[in-house]
Amino acid sequence: MMTQEQRTRTLEIHGWKVYAGVDEDGHLDIRILHTDGTQVHDLAADIATDSDEWAERFTTSAIEAAHNERTREEV
(Lines give C-alpha, C1' and ligand atoms only; values in the text may rest on other atoms or scores of the structure.)
Protein backbone atom coordinates (compact mmCIF):
# COMPACT_ATOMS: atom_id res chain seq x y z
CA MET A 1 0.00 0.00 0.00
CA MET A 2 1.28 3.47 -0.90
CA THR A 3 1.58 6.17 1.73
CA GLN A 4 -0.10 9.55 1.28
CA GLU A 5 3.31 11.06 0.50
CA GLN A 6 3.87 8.52 -2.28
CA ARG A 7 0.41 9.31 -3.75
CA THR A 8 0.89 13.11 -3.80
CA ARG A 9 3.18 15.35 -5.86
CA THR A 10 3.66 19.10 -6.00
CA LEU A 11 4.97 21.05 -8.97
CA GLU A 12 5.96 24.70 -8.66
CA ILE A 13 6.58 26.67 -11.83
CA HIS A 14 6.59 30.43 -12.47
CA GLY A 15 4.37 31.25 -9.51
CA TRP A 16 2.00 28.33 -10.05
CA LYS A 17 1.62 25.50 -7.55
CA VAL A 18 0.04 22.32 -8.85
CA TYR A 19 -0.85 19.60 -6.40
CA ALA A 20 -1.70 16.17 -7.78
CA GLY A 21 -2.74 13.18 -5.76
CA VAL A 22 -4.28 9.77 -6.20
CA ASP A 23 -6.75 8.41 -3.67
CA GLU A 24 -7.08 4.80 -2.54
CA ASP A 25 -9.47 4.06 -5.43
CA GLY A 26 -7.12 5.43 -8.09
CA HIS A 27 -8.95 8.74 -8.70
CA LEU A 28 -6.72 11.66 -9.68
CA ASP A 29 -7.20 14.96 -7.83
CA ILE A 30 -5.55 18.14 -9.11
CA ARG A 31 -5.46 21.44 -7.23
CA ILE A 32 -4.00 24.60 -8.71
CA LEU A 33 -3.15 27.90 -7.07
CA HIS A 34 -0.94 30.87 -7.84
CA THR A 35 1.33 32.75 -5.48
CA ASP A 36 -0.34 36.05 -6.45
CA GLY A 37 -3.18 34.94 -4.15
CA THR A 38 -5.99 35.82 -6.53
CA GLN A 39 -8.71 33.57 -7.87
CA VAL A 40 -7.71 30.92 -10.41
CA HIS A 41 -9.81 30.77 -13.58
CA ASP A 42 -10.18 28.04 -16.18
CA LEU A 43 -9.95 29.64 -19.63
CA ALA A 44 -12.04 26.85 -21.17
CA ALA A 45 -9.41 26.46 -23.85
CA ASP A 46 -9.35 22.90 -25.12
CA ILE A 47 -5.63 22.59 -25.81
CA ALA A 48 -5.45 18.80 -25.92
CA THR A 49 -3.74 17.45 -29.01
CA ASP A 50 -4.93 13.85 -28.75
CA SER A 51 -8.30 12.33 -27.97
CA ASP A 52 -6.85 10.39 -25.04
CA GLU A 53 -5.38 13.52 -23.44
CA TRP A 54 -6.85 16.14 -21.11
CA ALA A 55 -5.35 19.63 -21.13
CA GLU A 56 -6.57 22.96 -19.80
CA ARG A 57 -5.26 26.50 -19.59
CA PHE A 58 -5.52 28.51 -16.38
CA THR A 59 -5.04 32.13 -15.38
CA THR A 60 -5.63 34.27 -12.29
CA SER A 61 -7.44 37.53 -11.70
CA ALA A 62 -4.09 39.32 -11.24
CA ILE A 63 -2.60 37.87 -14.45
CA GLU A 64 -5.67 38.98 -16.42
CA ALA A 65 -5.63 42.46 -14.85
CA ALA A 66 -1.96 42.88 -15.84
CA HIS A 67 -2.70 41.60 -19.36
CA ASN A 68 -5.64 44.00 -19.74
CA GLU A 69 -3.50 46.91 -18.52
CA ARG A 70 -0.76 46.11 -21.07
CA THR A 71 -3.37 45.80 -23.81
CA ARG A 72 -4.85 49.22 -22.95
CA GLU A 73 -1.38 50.80 -23.02
CA GLU A 74 -0.74 49.41 -26.51
CA VAL A 75 -3.89 50.97 -27.98
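It should be emphasised that the depicted structure is a prediction, and the values quoted were computed from it without experimental measurement.

## Concerning the overall build of the protein
- Counting its secondary structure elements, the protein contains one helix and five strands.
- Relative to its length of 75 residues, the protein is extended, with a C-alpha radius of gyration of 16 Å against a globular reference of 11 Å.
- Along the first, second and third principal axes, the C-alpha atoms of the protein reach 60 × 30 × 15 Å.
- Counting across all 75 residues of the protein, residues that qualify as buried make up 9%.
- Here the analysis covers contacts within the protein between residues at least 6 apart in sequence; of these, 16% occur between residues at least 24 apart.
- Just so you have it, the protein exposes about 6200 Å², and 51% of that area is on carbon and sulfur atoms.
- Between the centroid of the 7 positive side chains of the protein and the centroid of its 17 negative side chains there is a distance of 6 Å.

## Quick notes on the pattern of salt bridges
- If you walk through the whole model with that rule in mind, you get two salt bridges.
- Between R72 and E69 there is a salt bridge whose closest N-O contact spans 2.9 Å. Here the residue R72 and the residue E69 both occupy positions in helix 1 (residues 61-74), the gap between them amounting to three residues, near one helical turn.
- Here R72 falls in the exposed class, since its relative accessible area comes to 55%.

## A few points about the environment of Q6
- One can find Q6 in the segment before strand 1 (8-13).
- The class of Q6 is partly exposed, set by a relative accessible area of 44%.
- Considered as a pair, Q6 and D46 are 40 residues apart in the sequence and their alpha carbons are 30 Å apart.

## A short note on a nonpolar patch on the surface
- On the surface, V22, L28, I30 and W54 cluster together into a nonpolar patch covering about 410 Å² of accessible area.
- Within the secondary structure, I30 sits in strand 3 (residues 28-34).
- Judged by its relative accessible area of 40%, I30 falls in the partly exposed class.

## Thoughts on the pairing of strand 3
- Of the strand pairs in this sheet, strand 2 (residues 16-22) and strand 3 are connected by seven bridges, and their pairing is antiparallel. Each bridged residue has a counterpart across the sheet, and for A20 the counterpart in strand 3 is I30.

What counts as what
The written sequence of each chain sets the order in which its residues are numbered from 1. This being a predicted model, a pLDDT of at least 70 is required before a residue's local features are given, and a value of 80 or more before pairs of side-chain atoms are given or counted; all residues contribute to the totals for chains, interfaces and linings. Excluded from the side-chain calculation are hydrogens and water; included are all heavy atoms of the structure. Each helix is a run of H or I in the DSSP string that is no shorter than four residues. Each strand is a run of E no shorter than two, and both are numbered from the N terminus. In this setup the radius of gyration rests on C-alpha atoms only. A globule is expected at 2.2 Å times the number of residues raised to 0.38. Throughout, exposure labels follow a simple rule: accessible area from a 1.4 Å probe, protein chains only, divided by the maximum for the residue type, with under 20% read as buried, over 50% as exposed, and the rest as partly exposed. We call two residues contacting when some pair of their heavy atoms lies within 4.5 Å. Each accessible area is a Shrake-Rupley result for a 1.4 Å probe, and residues are judged covered by the shown protein chains and nothing else. Counted as positive: Lys and Arg. Counted as negative: Asp and Glu, with His and the chain ends omitted from the count. Charged side chains are reduced to one point each, which is NZ for Lys, CZ for Arg, CG for Asp and CD for Glu. A pair is scored as a salt bridge if a Lys or Arg side-chain nitrogen falls within 4 Å of a carboxyl oxygen belonging to Asp or Glu. To count toward a patch, a residue needs a relative accessible area over 30% and no salt bridge; like charges are then connected within 9 Å, while nonpolar side chains (Val, Leu, Ile, Met, Phe, Trp, Tyr) are connected within 5 Å. Here, strands pair whenever DSSP counts at least two bridges between them.

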